[in-house]
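# Overview (structure and organization)
One letter stands for each residue in the lines below.
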Amino acid sequence: MISDMDIKSLRDTRDLLQKVGIQDACQFIEDNPHPRLWRLLAESSLETLDLEMAEKAFVRCGDYQGIHFVKRLKKLDSEVKQKAEVAAYFKRFEAAERMYLDMDRRDLAVDLRMKL
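This one's a predicted model, so the numbers in the text were calculated from it and none came from an experiment.

## Details of the nonpolar core
Counting residues in each nonpolar core, the largest one holds 24 residues, and the members touching the most others are Trp-38, Leu-41, Leu-46 and Phe-58. Once you skip the residues sitting within four places of it in the chain, Leu-41 turns out to touch Leu-17, Ile-22, Ala-25, Cys-26, Ile-29, Met-53 and Ala-57. Membership of the second largest hydrophobic core comes to 8 residues, among which are Ala-87, Ala-88, Ala-95 and Ala-109.

## Focus: helix α7 (residues 93–102)
Within α7 the residues assigned to the buried category are Ala-95, Ala-96, Glu-97 and Tyr-100. Turning to α7, the residues buried within the fold contact α6 (79–89) and α8 (106–115). Taken from the residues just after α7, Asp-104 is the one with a positive phi, measuring 60°.

## Comments concerning unusual backbone geometry
Notably, Lys-91 is not glycine yet its phi reads approximately 65°, a positive angle. In this fold, Lys-91 is placed in the loop between α6 and α7. A positive phi angle is found at Asp-104, which is not glycine, with a value near 60°. Examined against the element boundaries, Asp-104 turns out to sit in the loop between α7 and α8. Owing to a relative accessible area of 61%, Asp-104 belongs among the exposed residues under this scheme.

## Observations regarding the packing of helix α1 (residues 8–19) against helix α2 (residues 22–31)
Where α1 meets α2, the closest approach of the two axes is 8 Å, and the angle between their N-to-C directions is 160°. On the basis of the axis angle, α1 is roughly antiparallel to α2. Residues Ser-9, Asp-12, Thr-13, Leu-16 and Leu-17 of α1 form the contact with α2, whose own contacting residues are Ile-22, Asp-24, Ala-25, Phe-28 and Ile-29. Taken together, the residues of the contact of α1 with α2 break down into 6 nonpolar, 2 polar and 2 charged.

What counts, and where the lines are drawn
- Residues numbered from 1 in each chain as written.
- Predicted model: local features only at pLDDT ≥ 70, side-chain atom pairs only at ≥ 80, totals over all residues.
- Heavy atoms only, no water.
- Core = buried A, V, L, I, M, F, W, Y, C linked by side-chain atoms within 4.5 Å.
- Buried < 20%, exposed > 50% of the residue type's maximum accessible area, 1.4 Å probe, protein only.
- Contact = heavy atoms within 4.5 Å.
- Helix = DSSP H or I, 4+ residues; strand = E, 2+ residues; numbered from the N terminus.
- Axes fitted to C-alpha atoms, helices over the stretch in contact; angles between N-to-C directions.
- Parallel < 35°, antiparallel > 145°, perpendicular 65-115°, else oblique.
- Nonpolar A, V, L, I, M, F, W, Y, C, P; charged D, E, K, R; others polar.

See below:
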C-alpha cells in the first residue's frame, strides 16, 4: 500500500498561499528552500498572473519550460489571453476555450483544440 502524504513544509506553504499571500509564502520558501515548494509558488503566481514572481519561482526550481511559458505570457497583449493560456497550462482546456470564445477569438480556440 502506497500512501501519498504531504510533508509539513508543503502543507505550511499551501496554507500560507491560501491565507496570507504570495509574498509571505515566498519568504517562507526562501527560508525553507525546496524545488517542490518553488514549483507550488510558481503555480500559485501563475493563477494570479503575478508573472514576475512566477518567473522567479520557475528559475529557483529549475523548470525551464515554465520560464519560457512565463516569457511567452508577458508578450501577450490581453490579460484575458494570459488567463486563457494559464488555464490551458493547467489542462483546463474547456475553460481556456470558453475564454477565447467569450473574447470572440475563435481562431485561438481552434488552435487550442488542434494542439490537443
